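# Overview (structure and organization)
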Amino acid sequence: METNKSHKFQVGDIVQMRKAHPCGNDRWEVTRTGMDFRIKCLGCGRHLMLPRPKFEKGVKKVIQGSGM
C-alpha cells in the first residue's frame, strides 16, 4: 500500500478517500486519469469527476493497484 506522494495513478486502481461518500463508502475505483479524474464509488456505483489536485489531495491510500 503506497501513499499518493509516490504513486502514479492508473485506471483500475482502488483508492481510499479521506472523506466518505454519502452512501457511507470510502473506497473508489479510478476509471479515468488526466487533468480530471473520474472515480466510481464501490458502494453505490455513482461516478464522480474531480480535478487532479483535488483528487490527489483527497486520496488517503491506494488499496489495490491496477497491476499494469
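A quick note: this is a predicted structure, and the numbers were derived from the prediction, not measured.

### Side note on the sheet that holds strand 1 (residues 14–17)
On the basis of which strands lie adjacent, the open sheet formed by 5 strands has the order 4-3-2-1-5 and antiparallel pairing. Each edge of the open sheet is held by one strand with a lone partner, namely strand 4 (47–51) and strand 5 (59–64). Taken pair by pair, the neighbouring strands of this sheet meet at an average axis angle of 40°, ignoring direction.

### Concerning the pairing of strand 2 (residues 27–32)
Two strands pair when backbone bridges link them, and strand 1 and strand 2 are joined in this way by 3 bridges, in the antiparallel orientation. Paired with Gln16 across the two strands is Arg27, which belongs to strand 2. The pairing of strand 2 with strand 3 (residues 36–41) spans 4 bridges and is antiparallel. Note that in strand 3 the partner of Trp28 across the bridge is Cys41. The turn linking strand 2 back onto strand 3 is made up of 3 residues, and Gly34 within it adopts a positive phi angle of 140°.

### Some details on the pairing of strand 1
Along any regular strand the residues' side chains alternate between the sheet's two faces. Alternating residues of strand 1 divide into Ile14 and Gln16 and Val15 and Met17, and every residue in both groups is buried. Two elements, strand 1 and strand 5, share 4 bridges in a ladder whose sense is antiparallel. Within the sheet, the bridge partner assigned to Gln16 lies in strand 5 and is Lys61.

### Some remarks on the pattern of salt bridges
On inspection of all chains with the given rule, the structure shows 1 salt bridge. Put simply, Arg52 and Glu56 hold a salt bridge, and the shortest N to O gap is 3.0 Å. Of the two residues, Arg52 and Glu56 both sit in helix 1 (residues 52–58), 4 residues apart, roughly one turn of that helix.

### Structural notes on the nonpolar core
Of all hydrophobic cores here, the largest spans 12 residues; its members are Phe9, Val15, Met17, Trp28, Val30, Phe37, Ile39, Cys41, Leu50, Phe55, Val59 and Val62. Taken together, the elements giving at least two residues each to this core come down to strand 1, strand 2, strand 3 and strand 5. Looking at this core, the element that brings in the most residues is strand 3, giving 3 residues.

### A look at the side chain of His21
Tracing the backbone through its elements, the reader meets His21 in the loop between strand 1 and strand 2. For His21, a relative accessible area of 17% gives the class buried.

Calculation criteria
- Residues numbered from 1 in each chain as written.
- Predicted model: local features only at pLDDT ≥ 70, side-chain atom pairs only at ≥ 80, totals over all residues.
- Heavy atoms only, no water.
- Pairing = 2+ DSSP bridges.
- Helix = DSSP H or I, 4+ residues; strand = E, 2+ residues; numbered from the N terminus.
- Axes fitted to C-alpha atoms, helices over the stretch in contact; angles between N-to-C directions.
- Buried < 20%, exposed > 50% of the residue type's maximum accessible area, 1.4 Å probe, protein only.
- Salt bridge = Lys/Arg side-chain N within 4 Å of Asp/Glu carboxyl O.
- Core = buried A, V, L, I, M, F, W, Y, C linked by side-chain atoms within 4.5 Å.

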